[in-house]
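Structure at a glance
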Amino acid sequence: MKSVRQYIGILITGILLFYLVKPFLQTHTTLKYVDFQIQWHWLLFSFGLIIFHLSAYLYPLTKLLNGVTEKSVSFRDAWLLFHLSNVTRYLPGRIWGVIRFLSLCKQFGLSKTAVGSSLTLHVGIETFLGGILAVSLLFSHQMRGVVQGVLKKFTENAFIAIVAIIVILVGSFFLIPMLSSKARQFTKTLRDIGELLLQKSFWGQWVKIIVSHMLLWMCQGFAFFLFVRSLTPVKWMLAGVLSACFAFAWFVGFLSFLTPGGLGIREGLLAILLANYMPTPQATRIALLCRVWMLAAEIALAAIAFLYNRRKQ
């Protein structure tokens, strides 16, 4: 039985590597004959900043875990738990990252319910604040028409598919007794945890969680701006609007039910938005390279987490 699990693990690892390497190969083919004037100091600084963001990203999750479990959960354990599972979200289906995340809970002495609830709240806050930052593009005179056109096109193409998926999911919860029971149990758990986290004693932690998420978005947006600046000369005054472009592409990519990690959708929207500040071919190349830039940071942190966890065992 153990050997079967090992073979399955090797198979899953191989599939995951394929989907992780695929964007690198596609980008290499697209950029094969493109000559970039790379400013290496900005590129390295942006990469270091995104590494910092992906590490500090676990701070608010750790605070939520402490409140939900009512015990001290170390930042190191939260960091390892997240980065050991993060890259699996690129597997087709969009659920493998969460499944891997929950499957590792026992190793760190945490319950799946507590971790699942904390992760739901964590991602919900991140998405809400990212949506607010994305909406700020609508207040930009230059971007207003572009964003509205993208939203209209996205709505027309994806609305029916999204509604169909929601109907299938809701129908499954009602028609399949086991799923219905699990859904009601999870909803009740979230309600109980919400009551626990809304106690006055936790209000100070909520302030830290919200503020840290806002700072994380600022850090990620500025890292993206420096990445763009490392490939093409853009003015410093565009840091805010380019950060909002990134947030908008991230937000729509996250809401898409069709691709793992928003692959394709995020790059397409980002290229459309960046084309307002640079030639379209250049915007497309930067959008593609942005995925490689992010993916390289995630793989690096996953490798560190894997090696550290293996050594600890």
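Here we look at the nonpolar core
The biggest cluster of nonpolar side chains holds 70 residues, and the ones touching the most others in it are Phe224, Phe227, Val228, Leu242, Leu270, Leu274 and Trp293. Within the residue set of this core, elements represented by two or more residues are helix H2 (40-56), helix H3 (58-69), helix H4 (75-83), helix H6 (112-135), helix H9 (203-231), helix H10 (239-255), helix H11 (265-274) and helix H12 (280-312). With 12 residues, the top contributor of residues to this core is H9. Every residue in contact with Phe227, bar those within four places of it in the chain, is listed here: Leu43, Ser46, Ile286, Leu289, Cys290 and Trp293.

Digging into the environment of Gly268
Looking at the element boundaries, Gly268 is found in helix H11. Overall, the relative accessible area of 33% leaves Gly268 in the partly exposed class. Separated by 19 residues in sequence, Gly268 and Ala287 have C-alpha atoms that sit 7.5 Å apart.

A short note on the pattern of salt bridges
This model, assessed by the stated rule, comprises 2 salt bridges. As a salt-bridge pair, Arg76 and Asp77 come within 3.8 Å of each other at their nearest N and O atoms. In this structure Arg76 comes out as partly exposed when scored by relative accessible area, which is 43%. The buried category is assigned to Asp77, whose relative accessible area is 18%. A salt bridge links Glu267 to Arg291, with the nearest nitrogen and oxygen atoms 2.5 Å apart. Of this pair, Glu267 sits in helix H11 while Arg291 sits in helix H12, and the two are 24 residues apart along the sequence. Taken as a pair, Glu267 and Arg291 share a single burial class, namely buried.

Reading guide: rules and limits
Residues numbered from 1 in each chain as written. Predicted model: local features only at pLDDT ≥ 70, side-chain atom pairs only at ≥ 80, totals over all residues. Heavy atoms only, no water. Core = buried A, V, L, I, M, F, W, Y, C linked by side-chain atoms within 4.5 Å. Buried < 20%, exposed > 50% of the residue type's maximum accessible area, 1.4 Å probe, protein only. Helix = DSSP H or I, 4+ residues; strand = E, 2+ residues; numbered from the N terminus. Contact = heavy atoms within 4.5 Å. Salt bridge = Lys/Arg side-chain N within 4 Å of Asp/Glu carboxyl O.

Geometric descriptors of this kind do not, in isolation, establish any biological role.
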